[in-house]
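What follows is the residue order along each chain.
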Amino acid sequence: MKMSAEVITKEAYTEQYEKNQYFGYPENSITCARYCKADLLADYVLGAFVIPDKERLLGKKTWIGYFLIKDKITFIDDGDFAKEMIEQLVFGWKEKEINGPYVLAACMEYLIREDGIFLQKYEEKLSAFEERLLEGKIGEFDRKILTIRRELLILDSYYQQLRDIGELLAENSNHLFEKEECRLFDIFSGRAARLHEQTHTLKEYSMQIREMYQSQIELRQNKIMKFLTIVTTIFMPLTLITGWYGMNFLQMPERNSPYGYPAVMVISVMIVLLEIWYFKRKGWLD
């Protein structure tokens, strides 16, 4: 099987292409790309993939450039990702010549392989968080749900960029591809679009769960404030009695009576019990 693909380093790419016939300005360099992109120029395609690590989405991303001219595609990679990707794809191709556009389409499909299952795990994780939230097991919920939301934002942007690349290549504005090759890019664009929509749905789901969390926090705070209000209300009459008998007037009743102190204690207890009974009857203690 003959495959029109090669992998070179950034340094080799700069010497072989950017300093020779194709580029005259540094700003055209794809080595500075910070997101997935594709540029359709006169007789070639230039672009890059900035791939998040699915094991650590908030960590460092993998950068791969690509340069497609006629039937040959060149990947620019200082690591081993592009080489390993091509080696794994070789086993899926039949014994025939594979040109550059087919290699590019296959590599793009490789980038989103099993991503539907990957996103399904996020859905299961969010469902578990929702169940724990309903059970009142909050813990470090806010930090965890924010981390998931940040990861979903990265995936959402990633799939949107891949979708745009697929649509751009399928349009074939520079007439570089055959009809069948355009169909492959169109199929990829549809798959990337479905992943993007699924990620967007998960983002909304995570936001709904976070709103539920905020509602739980507010409900707990309201219960605490209700309890404190009831306690304050119960002891308010006792505070009034304390204020009265703290005036130390000589003419105050029960001041000189041997039963004055016990009488005030009994009255205070009766007031508290009466208030608790009344609040219970009104359902304020539920």
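Residues numbered from 1 in each chain as written. Predicted model: local features only at pLDDT ≥ 70, side-chain atom pairs only at ≥ 80, totals over all residues. Heavy atoms only, no water.

### Points about the packing of helix H2 (residues 81-90) against helix H3 (residues 100-111)
Stage number 1. Here H2 crosses H3 at 105°, and the two axes come no closer than 10 Å. Taken together, H2 and H3 sit at an angle that is classed as roughly perpendicular. Residues Phe81, Met85, Gln88 and Leu89 of H2 form the contact with H3, whose participating residues are Ala106, Cys107, Tyr110 and Leu111. (Axes fitted to C-alpha atoms, helices over the stretch in contact; angles between N-to-C directions. Helix = DSSP H or I, 4+ residues; strand = E, 2+ residues; numbered from the N terminus. Parallel < 35°, antiparallel > 145°, perpendicular 65-115°, else oblique. Contact = heavy atoms within 4.5 Å.)

### A few points about the layout of surface pockets
Stage number 1. Taken as a whole, the largest pocket encloses approximately 300 Å³ of empty space.
Stage number 2. Taken together, 13 residues line the largest pocket, and the ones lying closest to its centre are Pro52, Lys54, Leu111, Arg113 and Asp115.
Stage number 3. Element by element, the count of residues in the lining of the largest pocket is highest for helix H4 (residues 115-134), at four residues.
Stage number 4. Looking at the lining of the largest pocket residue by residue, the class counts come to six nonpolar, one polar and six charged. (1 Å grid on protein atoms, 1.4 Å probe; cavity = no way out; pocket = protein on both sides within 12 Å on 5 of 7 lines; lining within 4 Å. Points joined across faces, edges and corners; volume = space filled by probe spheres on them. Nonpolar A, V, L, I, M, F, W, Y, C, P; charged D, E, K, R; others polar.)

### Description of H2
Stage number 1. All of the buried residues along H2 are Ala82, Met85, Ile86 and Leu89. Each buried residue of H2 lies within a common arc of 95° when the element is viewed along its axis, so the set occupies one face.
Stage number 2. Packed against the buried residues of H2 are strand E1 (5-8), strand E4 (62-69), strand E5 (72-76) and H3. (Buried < 20%, exposed > 50% of the residue type's maximum accessible area, 1.4 Å probe, protein only. Arc of directions from axis to C-beta.)

### Looking at the side chain of Glu151
Stage number 1. Tracing the chain through its elements places Glu151 in helix H5 (residues 141-171).
Stage number 2. The charged side chain of Glu151 is buried without a salt bridge, its nearest counter-charge being Lys125 at 5.1 Å.
Stage number 3. Among residues more than four places away in sequence, those in contact with Glu151 are Leu57, Leu58 and Tyr122. (Lys, Arg positive; Asp, Glu negative; His and termini not counted. Salt bridge = Lys/Arg side-chain N within 4 Å of Asp/Glu carboxyl O.)

### Remarks on the pattern of salt bridges
Stage number 1. Under the criterion given, the structure shown has seven salt bridges.
Stage number 2. Residue Arg191 pairs with Glu109 through a salt bridge whose shortest N-O separation is 2.8 Å. Residue Arg191 is located in helix H6 (residues 179-245), and its partner Glu109 is located in helix H3; the two are separated by 82 residues in the primary sequence.
Stage number 3. Accessibility expressed as a relative area gives 39% for Arg191, which makes it partly exposed.

### Describing the pairing of strand E3 (residues 44-51)
Stage number 1. The buried fraction of E3 is high, at eight of eight residues.
Stage number 2. Judged by which residues are buried, E3 turns out to be covered on both faces: Tyr44, Leu46, Ala48 and Val50 on one side and Val45, Gly47, Phe49 and Ile51 on the other are all buried.
Stage number 3. Bridge analysis of strand E2 (residues 37-40) against E3 gives four bridges, and the strand direction is antiparallel. Paired with Asp39 across the strands is Leu46, a residue of E3.
Stage number 4. The loop that links E2 with its antiparallel partner E3 comprises three residues.
Stage number 5. Both E3 and E4 contribute to a ladder of eight bridges, which runs antiparallel. Looking at E4, one finds that Ala48 is bridged to Gly65. (Pairing = 2+ DSSP bridges.)

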